[in-house]
Amino acid sequence: MKRRTFAQLTGSALAGSLLTNNALASALAPAKKTRVAMVGTGHRGLGMWGVDVLKEHGDKMEFVGLCDINPGRVETGRKMLGVNCPTFTDFDKMMKQVKPDVLIVTTVDATHNEFIVKGMEYGADIVTEKPMTTDEKKCQQIIDAEKRTGKKVKVTFNYRYSPHRQKLFELLRAGVIGNITSADFHWYLDVHHGADYFRRWHRLRQNSGSLLVHKATHHFDLLNWWLDSDPEEVYANGQLNFYGKNNSFRHTHCRPCPHKDKCQFYWDVTKDARLTKIYVDNEKYDGYLRDGCVWKEDIDIFDKMAVQIKYANQVQVSYSLTTYSPYEGYRIAFNGTKGRLEAWIKERQTWDEEAFDEIQLTPNFGKREIIRIPNNEEGHGGGDVRLRKQIFQPGADPYRQSAGTRDGAMSCLVGIAARHSIDTGKPVKIGELTTLKPQVIRA
């Protein structure tokens, strides 16, 4: 064999061997974990986006930073998560120091925009709790920042992922009631869950945007998703008739209250070890009282709301939210040219129910059909675990359940428009609030 030929052959073999070894080394090397930071270490952040994420996806991600305005709470959060990452009370310092790939935003609603925008400007993609924000100006800031930075925002609408809601989506897309013409949607918060919003920071419009934004954003997103269209015009009524000033006695918060023996809404937060660790043990730092009085006179959100929504595809929706019902759940009905699709979803009540959700399909001509969906899963009917998987191990999305900035905007803009409508007594057009224009069929 000639010397040149030998050199070429041995050189090729060596190169091939090196490539094989490099490929093998890459395959055997541990996969790089997504670097995640969180701002807002309250109950929701530490549970839904903390402990549960680490348990289910700890092999794919790692926390590299935690931030909260309360130094005691953020350190408590680090211990509860069992992580060794640094903690911060200065958000900019955290972002500059740890440089996360993903930022999870679970702060007070009215501050979401600040952290979402800054987070993208620091180079992170965003996972934010709903509502995405609380007014149209802040919403526009987020829209502009996403376009400017090229980063992405995911809004965590876990309700889309629960099995019975997915089934409703499937049935509507299959055209079982023909063309959808209208919908009736009525949500009931019971005197336990409903009252809790009036104890906490949500009770102030400046923090939550009202429950039309904080809570109903969930419901408006479901409507947008189910109807496959954007909202176009909103008219609403709302009042505060039960909580707040509508009682003869009140105090600062439950623990020292002199009226606890006669108040049906008295609640001892110290019986909940987790909430005590997160809030009670750290209230000395910022004065936040987790067990605030539901009768405080500074409450300025509505406790009963009724909203009329006209969609770009001409579907009309009647929606209501009541916050002091004896049971919890909702009734939804879609009317179409070929029939009606409806459900009464019972989330908590004083009587026993079998472990399934029931959907009724009634054609205009023909027999009704009852569809039963098991509902024995934890975490919003199994929606939480499915959402987290799509966030941290994204895959196929045949039902379009993954939500981005447009979804987040269109859902909270319905609540924002409803709030404006109540204040002014006039209907509000969604297309006049931001640069996003309603679409007949959602992109």
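An unreviewed UniProt entry lists the protein chain under the name Gfo/Idh/MocA family oxidoreductase, from Hymenobacter monticola.

Novice: I keep staring at the overall build of the protein chain and nothing clicks. Help me out?
Specialist: Looking only at helices and strands, one finds 16 helices and 15 strands in the protein chain. Taken along the three principal axes of its C-alpha coordinates, the protein chain extends 100 × 65 × 45 Å. Pairs at least 24 apart in sequence give 73% of the contacts found in the protein chain among residues at least 6 apart. Per element, the accessible surface of the protein chain, about 20,700 Å² overall, is 50% carbon and sulfur. Averaged over its 64 positive side-chain charges, the protein chain has a centre that lies 5 Å from the centre of its 54 negative ones.

Novice: Sorry, what's going on with the UniProt feature "domain: Gfo/Idh/MocA-like oxidoreductase N-terminal" (unreviewed entry) in the protein chain here?
Specialist: Within the UniProt annotation, "domain: Gfo/Idh/MocA-like oxidoreductase N-terminal" (unreviewed entry) is assigned to residues 35–157. Secondary structure over residues 35–157 splits into 47% helix and 20% strand, and the C-alpha atoms at its two ends are 22 Å apart.

Novice: Is there a simple way to think about the pattern of salt bridges in this case?
Specialist: Between side chains of opposite charge, a pair can form as their charged atoms come close. All told, the structure shown has 31 salt bridges when counted by the stated rule. For R388, the salt bridge identified is with D52, shortest N-O distance 3.7 Å. Residue R388 is located in helix α15 (residues 383–392), and its partner D52 is located in helix α2 (residues 43–57); the two are separated by 336 residues in the primary sequence. By relative accessible area, R388 is classed as buried at 4%. By relative accessible area, which is 28% here, D52 ends up partly exposed. The closest approach of N and O atoms between E114 and K118, which form a salt bridge, is 3.9 Å. Here the residue E114 and the residue K118 both occupy positions in helix α5 (residues 112–121), the gap between them amounting to four residues, near one helical turn. Overall, E114 belongs to the partly exposed group, its relative accessible area being 37%. Under the relative-accessibility criterion, K118 is labelled partly exposed at 25%.

Novice: Would you explain the packing of aromatic side chains in this entry?
Specialist: The geometry of an aromatic ring pair comes down to the distance between the two centres and the angle between the two planes. Counting across every chain of the model gives 24 aromatic pairs. A ring pair is formed by F185 and Y330, whose centres lie 5.5 Å apart and whose planes are at 70 degrees; its orientation type is edge-to-face. Taken together, the residues F185 in strand β7 (residues 180–190) and Y330 in strand β11 (residues 328–336) connect sequence positions 145 residues apart. A cation over an aromatic ring shows up here: R165 above the ring of Y159, its NZ or CZ 4.2 Å from the ring centre. Of note, R331 hangs over the ring of W344, and the distance from its end group to the ring centre comes to 3.7 Å.

Novice: Please clarify how the packing of helix α4 (residues 91–98) against α5 should be interpreted in this entry.
Specialist: The description of two packed helices rests on the angle between their axes and on the distance between the axes. At a minimum axis distance of 11 Å, the contact between α4 and α5 shows a crossing angle of 25 degrees. The angle between the axes of α4 and α5 places the two elements in the roughly parallel class. Like other packed secondary-structure pairs, α4 and α5 cross with a definite hand, here right-handed. For the pair α4 and α5, the contacting residues are F91, D92 and M95 in the first and F115, K118 and G119 in the second. Counted by class, the contact of α4 with α5 contains three nonpolar, one polar and two charged residues.

Novice: Please explain the sheet that holds strand β15 (residues 428–429) as it appears in this structure.
Specialist: Strand-to-strand pairing in sheets goes through backbone hydrogen bonds, with the strands running parallel or antiparallel. On the basis of which strands lie adjacent, the open sheet formed by nine strands has the order β14-β13-β12-β11-β7-β10-β9-β8-β15 and mixed pairing. This sheet does not close on itself; its edge strands, each paired only once, are β14 (369–374) and β15. As paired elements, β7 and β11 share eight bridges and run antiparallel to each other. Bridging from a neighbouring strand, A183 pairs with F334 of β11. Packed onto the sheet, helix α16 (residues 405–424) meets β8 (231–239), β9 (304–311) and β15 and runs at close to 50 degrees relative to β8.

Novice: Is there a simple way to explain α16 in this structure?
Specialist: Between its first and last C-alpha atoms α16 spans 27 Å; for 20 residues at 1.5 Å apiece the expected length is 28 Å, and the two agree. Burial analysis of α16 places 16 of its 20 residues in the buried class, which makes it a mostly covered element. At the exit of α16 stands G425, carrying a positive phi of roughly 75 degrees.

Novice: What's the story with the pairing of strand β2 (residues 61–67) in this structure? I'm lost.
Specialist: Consecutive residues of a regular strand have side chains that alternate between opposite faces of the sheet. For β2, the buried fraction is high: six of the seven residues fall into the buried class. With six bridges joining them, strand β1 (residues 34–39) and β2 adopt parallel strand pairing. Across the sheet, residue T34 finds its bridge partner in β2, namely M61. Running through α2, the crossover from β1 to the neighbouring parallel element β2 is right-handed. In this structure, β2 lies alongside strand β3 (residues 87–88), joined through two bridges in parallel fashion. Bridging across to β3, C67 finds its partner in F88. In this fold, β2 hands off to helix α3 (residues 71–81), which returns the chain to β3; that crossover is right-handed.

Here is what the cut-offs are and how they apply
- Residues numbered from 1 in each chain as written.
- Predicted model: local features only at pLDDT ≥ 70, side-chain atom pairs only at ≥ 80, totals over all residues.
- Heavy atoms only, no water.
- Helix = DSSP H or I, 4+ residues; strand = E, 2+ residues; numbered from the N terminus.
- Contact = heavy atoms within 4.5 Å.
- Areas by Shrake-Rupley, 256 points an atom, 1.4 Å probe, with all protein chains shown as cover.
- Lys, Arg positive; Asp, Glu negative; His and termini not counted.
- Charge placed at Lys NZ, Arg CZ, Asp CG, Glu CD.
- UniProt positions renumbered as here; feature names shortened; annotations may be inferred.
- Salt bridge = Lys/Arg side-chain N within 4 Å of Asp/Glu carboxyl O.
- Buried < 20%, exposed > 50% of the residue type's maximum accessible area, 1.4 Å probe, protein only.
- Phe/Tyr/Trp six-rings, centres within 6.5 Å; stacked < 30°, edge-to-face > 60°.
- Lys NZ or Arg CZ within 6 Å of the ring centre and 35° of its normal.
- Axes fitted to C-alpha atoms, helices over the stretch in contact; angles between N-to-C directions.
- Parallel < 35°, antiparallel > 145°, perpendicular 65-115°, else oblique.
- Left-handed = near helix turned anticlockwise from the far one by under 90°.
- Nonpolar A, V, L, I, M, F, W, Y, C, P; charged D, E, K, R; others polar.
- Pairing = 2+ DSSP bridges.
- Expected span 1.5 Å × (residues − 1).
- Right-handed = clockwise from strand over helix to strand, strands pointing away.

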